[in-house]
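Below, each chain spelled out in residue letters.
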Amino acid sequence: MSFKEFLDRWVVKNFRLKILAFIFAVILWFVVIHVDNYVVTKTITGIPVETLNGEVIEETGNLYAITEGDTVDIIVRGERSVVDDLTSDDFVATADLSKLSLTNTARINVKAVSSKVGNAISITYLNEFVSLSIEPMSDTNLSITIYPEGDVMRGYALGNMVATPNLVTVTGPESIIDKIETVRAIVSVQNMNESFETTAELVCLDSSGNAIHENQITLSDESVNVKVEVYPIKSVPVNVTTMGIVADGYTLKDITYNPDKVEIAGDTETLDKIESIDIKNISVSGLNSDYETNVDVANYLPEGVLLADENDSQIAIKIGIEKIVQKVINVTTADLTLKNADDNMEYRVVIPANLRLTVSATEELMNDVDVSKLNLFLDVEGLGVGSHEVVIGYDIGDDYTVNMNTGATVIIKTKEGEGGE
């Protein structure tokens, strides 16, 4: 096929129709392009607002805090291919604090990070202003609280924790400074079994324990050195004794307390010297009924020793007090036995007809007391021939008190004849 035939067949033939088809295709292409990339709007929220020229306020001796408008929300309008993928990271927002209004507000300006994007979109602001509170600078000195994080190794206890420095000066707007309750240094003690030193960052906390993160506040020290003591634990018994005398007619029955053991911590040399924790100052003076009290065992620990768990410091003590009752018992010679008698001697015991003993004890102990339980005796060891005044002895235990109105007379003679004086 010649070139002329090619032109006649494919170009010249039906030329007008082919031109119309081409024009229609071009129009259709433009329509498709614009339908697929139509104009859309999108709301983008939470764009951080950066404040500029804040030193203009600070040069007057004041500080500022953002009360509203630390982030800005916008509506972006543009072609779909541009707008669909936009996020808050594609924009920067600033507020020039050197252009504050009389109401302490500054206009927010939002720009796209990419100039190409910025030229292809329009921006509508949902919030346009940053609002400030401007107030005098304030400062305060606060002690540093050390907060241990984690648990020391089993069998060990956490001792004293000391920060250097132990005070920090916090400077900032008065309203923020007033919210700061404490400054905390957090130290990890997980699985520690010996004392150590570390550096800890400082965090300001409000009264609810929430961290205060404000770029307007500064600390004289951002971190501190912390010495942490970790001690071995030892379990020792608790001993409780009383002082003073109960009311007349009453007696101390018993002392019960719980716990009867405590776990203490300290250096090994000190712990080796401690066998018990002794509480000796529980007064019973004048008591005529049971008495209960709690004492803090930490007050009785030697210097350099502490409780393994400070929550276990309370010792509950109960003092049992009972009324003393008395019983009068008549005594006959048959109730008396001779002690240490000489087989070569004869003994005759003479007692008054009204010999009585008064036994005192608690009501419980007195229930079954009679003369036989007193085990009354006369000790005649070393006594020779003659008449002797002998004190009547008894053997009934320390829980009883025995009083008598007289003693006994013992007349001794030899078995071969009457003894002389």
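Just so you know, these numbers come straight off a predicted model, no measurement behind them.

Reading the values: the criteria
All chains use their own residue numbering, which begins from 1 and follows the written sequence. Where totals are concerned, whole chains, interfaces and linings use all residues; where local detail is concerned, this predicted model gives features only for residues with pLDDT of at least 70, and gives and counts side-chain atom pairs only at 80 or more. Side-chain numbers here rest on the full set of heavy atoms in the structure, without hydrogens or water. We count a stretch as a helix when DSSP gives it H or I for four or more residues in a row; a strand needs E for two or more, and each element gets its number in order from the N terminus. Partly exposed describes any residue whose relative accessible area lies between the buried limit of under 20% and the exposed limit of over 50%, with all areas from a 1.4 Å probe on protein chains only and scaled to the type maximum. Between two residues, a contact is recorded if the distance between any of their heavy atoms is within 4.5 Å. Cavities and pockets were defined on a 1 Å grid built over protein atoms only: a cavity is a set of grid points that admits a 1.4 Å probe from which the probe cannot escape, a pocket is an open set flanked by protein on both sides within 12 Å along at least five of seven lines, and lining residues are those with an atom within 4 Å of any such point. Grid points are joined across faces, edges and corners, and a volume is the space filled by probe spheres set on the points. Polar here means any residue outside two lists: the nonpolar Ala, Val, Leu, Ile, Met, Phe, Trp, Tyr, Cys and Pro, and the charged Asp, Glu, Lys and Arg; Gly therefore counts as polar.

Novice: Got a minute to help me understand the environment of N258 in this structure?
Specialist: Looking at where N258 falls in the secondary structure, it is placed in strand β14 (residues 250–258). By relative accessible area, which is 54% here, N258 ends up exposed. In sequence terms N258 and M192 are 66 residues apart; their C-alpha atoms lie 31 Å from each other. Non-local contacts of N258, meaning those with residues more than four positions away in its chain, are made with Q314, I315 and A316.

Novice: What is the right way to look at the layout of surface pockets in this model?
Specialist: Leftover empty space is mapped by rolling, across the atoms, a probe with the size of a water molecule. In this model, the largest pocket occupies a volume close to 470 Å³. Residue assignment for the lining of the largest pocket shows that the elements contributing at least two residues are β8 (156–164) and β18 (306–307). For the lining of the largest pocket, the element with the most residues is β8, which contributes five residues. Among the residues making up the lining of the largest pocket, the classes are represented as 11 nonpolar, four polar and three charged. Space inside the second largest pocket adds up to approximately 290 Å³. Around the second largest pocket sit 17 residues that line it, and T251, I324, T362, L365 and D399 are the ones nearest its centre. Every element with two or more residues in the lining of the second largest pocket is listed here: β14, β19 (314–330), β22 (356–362), α8 (363–366) and β26 (401–404). At four residues, β14 tops the list of elements feeding residues into the lining of the second largest pocket. Tallied by class, the residues present in the lining of the second largest pocket amount to six nonpolar, six polar and five charged.

Novice: Honestly, the side chain of S131 in this entry has me stumped. Any pointers?
Specialist: Residue placement: S131 occurs in strand β7 (residues 129–149). Apart from the residues within four sequence positions on either side, S131 is in contact with A65, I66, T67, E68, N104 and T105.

Novice: I keep staring at unusual backbone geometry and nothing clicks. Help me out?
Specialist: Keep in mind that most residues, glycine aside, have a negative phi and that most peptide bonds are trans. In this structure, P165 follows T164 across a cis peptide bond, with omega equal to -5°. Tracing the chain through its elements places P165 in the loop between β8 and β9 (167–173). Backbone torsion omega between N258 and P259 reads 0°, so that peptide bond is classified as cis. On the secondary structure map, P259 appears in the loop between β14 and β15 (261–265). You will see that N340, though not glycine, has its phi angle at about 65°, which is positive.

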